[in-house]
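Per-entry structural report
As a plain string of letters, each chain reads:
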Amino acid sequence: MKLNQIAKQFKIPKPLVWKAYLKAKRKRGAAGVDGVTTDDFAKGEGKYLYKLWNRMSSGSYMPQPVKLVEIPKGTTGETRPLGIPSIIDRVAQMSVVMLLEPKIAPIFHENSYGYRPGRSAHQAIEQARRRCWRNDWVLDLDISKFFDTIDHELLMKAVKLHTQERWVLLYIERWLKVPYQLKDGKQVPRTKGIPQGSVIGPILANLFMHYTFDQWMKKYYNHILFERYADDCICHFRTVEEAEYMYEKIKMRMEQCGLALNEKKTKIVYCKDDDRKGSFKETKFDFLGFTFRARRSKSRRGNYFINFSPAISRKAITRIGREIRSWKLHLRSDKTLTDLANMFNARLQGFINYYGKFYKSAMYPLFQRLNYRLAHWVERKFKKCRRHKTRAIKLLGKICHQNPTLFAHWKMGVLPPKLD
């Protein structure tokens, strides 16, 4: 792509916009309020990108409203607002992210794991597991509507500590203020918060929490260990009294920065295991899709003991089970079993890669239910198995024996049940 260079108010490199587009393109995503999809954009990318660069460089770029979509939150029937910017706005935001990230990334706290190159949720969970073994108590923090309540003025103060680029500051302010647009076209003004789903959102949210929590902890309570992934955070303590004290201090700090702890979900947890006596109201907590609680484990010598460890959470199992049901395998009798494997293996492998990292046997019942769904498919596919569940399960087992790597969950050892 070749763009003609002309004098502009802001000196924005054309290669920056082009690289931002390529990065945004890989992420794909749904269309925004203008209805332009990633494929539509690709057909006229030269025209779209020149227009964007031209307007950003002249200061006339104005973001479109953010499309508001309500997505399910957990299993309670609650929803979470997801903001979907248009493709053109995603490219503009990605260009700012690519400019800011190298400046901001080095300043983040060692216990911050979210939205950082080279950091992952698994690293945060592994660190939390080790620290739960060494510390008896955890303070599980839950910030109420974090993304929706971030204070714009405080956020911009934080951004200005790391860049003086006028165009970057100008467009971040515009992205923060752009309204939501509902299904009926009605627009909802915004005076605080960052849309979840925006490209710029993660780095801004992380920066806000860096100064609200990480730096504050480092300055005043540097001896306290914690893991933070965006707004998900847990702190470790040796005594319940210390945990109770910090609960109040952190609550006050959040209020100073315009945030509020969800007191129904924020809790102090006792990391109960074989060596920890006594009892407490809370003995488990969820973190990044895993539930930490006492579990039966096996030592290298073959002895069993009770260990405080993470495994896939009940919420995650319910969510995955709901997704698997939505595949409606029993209605796909026009497909072969190989077709089904090709259609859904990538998704299954994704579940295994993430949730199978710790205590993967907790996933076995979930995938065994999937085997029964596949047996139901066999029952409808083959005449000799119709209305014969046992015969269908046996046939599925025979197919599995012939090709044990066909499905991702078969590879991990969750095979159809054996029937005598």
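**Some thoughts on the confidence of the model for the chain**
Within the chain, residue pLDDT values average 92, and 97% of them lie at 70 or more. Element-level pLDDT for the chain is lowest in strand 2 (residues 78-84), with a mean of 81, against a maximum mean of 98 in strand 3 (residues 137-141). Confidence drops under a pLDDT of 50 for residues 1-6, and excluding neighbours within four residues, the segment shows 15 contacts in the predicted structure.

**Notes on empty space enclosed by the protein**
Enumeration according to the criterion identifies 5 cavities of 30 Å³ or more in this entry. The computed volume of the largest cavity comes to approximately 80 Å³. Around the largest cavity sit 14 residues that line it, and Val66, Gln93, Trp175, Pro195 and Ser198 are the ones nearest its centre. Listing elements by their share of the lining of the largest cavity, those giving two or more residues are helix 4 (87-104) and helix 8 (166-177). Along its surface, the second largest cavity is lined by Tyr21, Ala24, Lys25, Arg28, Thr38, Phe41, Ile87, Arg90 and Val91. Taken together, the elements giving at least two residues each to the lining of the second largest cavity come down to helix 1 (14-27), helix 2 (38-43) and helix 4. A per-class count over the lining of the second largest cavity returns 5 nonpolar, 1 polar and 3 charged.

**Overview of the sheet that holds strand 7 (residues 232-237)**
Judged by pairing direction, the sheet is antiparallel, and its 4 strands sit side by side in the order 6-7-3-8 without closing on themselves. The two strands at the open ends of the sheet, each matched to only one other strand, are strand 6 (225-229) and strand 8 (267-270). Shown here is a sheet whose adjacent strand axes are inclined to one another by a mean of 20°, direction ignored. Pairing of strand 3 with strand 8, which is carried by 4 bridges, proceeds in the antiparallel orientation. Counted as the bridge partner of tryptophan 137 is tyrosine 270 from strand 8.

**Looking at the environment of tryptophan 18**
In this fold, tryptophan 18 is placed in helix 1. Considering only alpha carbons, one finds tryptophan 18 and glutamate 45, 27 residues apart in sequence, at a separation of 9.6 Å.

**Here we look at the nonpolar core**
Core analysis: the biggest nonpolar cluster contains 70 residues, and Ile172, Phe213, Cys235 and Ile250 have the highest contact counts within it. In contact with isoleucine 172, other than residues within four places in its own chain, are Val96, Leu100, Met156, Val159 and Leu204.

**Re unusual backbone geometry**
One non-glycine residue with positive phi stands out, namely arginine 28, at about 55°. Looking at the secondary structure, you find arginine 28 in the loop between helix 1 and helix 2. A positive phi is found at lysine 328, a non-glycine position, where the angle reads about 50°. With respect to the secondary-structure elements, lysine 328 resides in the loop between helix 11 (314-326) and helix 12 (337-355).

**Re the packing of helix 3 (residues 45-58) against helix 4**
Angle between the axes and distance between the axes are the two parameters that describe a pair of packed helices. As a packed pair, helix 3 and helix 4 sit with axes 11 Å apart at the nearest point and diverge in direction by 55°. Taken together, the axis directions place helix 3 and helix 4 in an arrangement best described as oblique. Seen from above, helix 3 lies across helix 4 with right-handed handedness. Across the interface between the two elements, Tyr48, Leu49, Leu52 and Met56 of helix 3 pack against Ile88, Val91, Ala92 and Ser95 of helix 4.

**Brief notes about the packing of aromatic side chains**
Per the stated rule, a full pass over the model turns up 24 aromatic pairs. Their ring planes at 55° and their centres at 6.5 Å tell us that tryptophan 216 and tyrosine 220 sit as a pair that is tilted. With tryptophan 216 and tyrosine 220 both in helix 9 (residues 201-220) and 4 residues apart, the pair spans about one turn of that helix. Judged by relative accessible area, which is 10%, tryptophan 216 ranks as buried.

**Considerations on helix 1**
Counted at 1.5 Å a residue, the expected span for helix 1 with its 14 residues is 20 Å, and the 21 Å between its end C-alpha atoms agrees. Looking at helix 1, one finds that the buried residues are Lys14, Leu16, Val17, Ala20, Tyr21 and Ala24. Mapping the buried residues of helix 1 onto a view down its axis gives an arc of 155°, with all of them on the same face. In helix 1, those exposed residues whose orientation departs by more than 90 degrees from the buried face are Pro15 and Arg26. At its buried positions, helix 1 is contacted by helix 2, helix 3, helix 4 and helix 8. The first or second residue beyond helix 1 is arginine 28, which carries a positive phi of 55°.

About the cut-offs
Residues numbered from 1 in each chain as written. Predicted model: local features only at pLDDT ≥ 70, side-chain atom pairs only at ≥ 80, totals over all residues. Heavy atoms only, no water. pLDDT = per-residue confidence, 0-100. Helix = DSSP H or I, 4+ residues; strand = E, 2+ residues; numbered from the N terminus. Contact = heavy atoms within 4.5 Å. 1 Å grid on protein atoms, 1.4 Å probe; cavity = no way out; pocket = protein on both sides within 12 Å on 5 of 7 lines; lining within 4 Å. Points joined across faces, edges and corners; volume = space filled by probe spheres on them. Nonpolar A, V, L, I, M, F, W, Y, C, P; charged D, E, K, R; others polar. Pairing = 2+ DSSP bridges. Axes fitted to C-alpha atoms, helices over the stretch in contact; angles between N-to-C directions. Core = buried A, V, L, I, M, F, W, Y, C linked by side-chain atoms within 4.5 Å. Buried < 20%, exposed > 50% of the residue type's maximum accessible area, 1.4 Å probe, protein only. Parallel < 35°, antiparallel > 145°, perpendicular 65-115°, else oblique. Left-handed = near helix turned anticlockwise from the far one by under 90°. Phe/Tyr/Trp six-rings, centres within 6.5 Å; stacked < 30°, edge-to-face > 60°. Expected span 1.5 Å × (residues − 1). Arc of directions from axis to C-beta.

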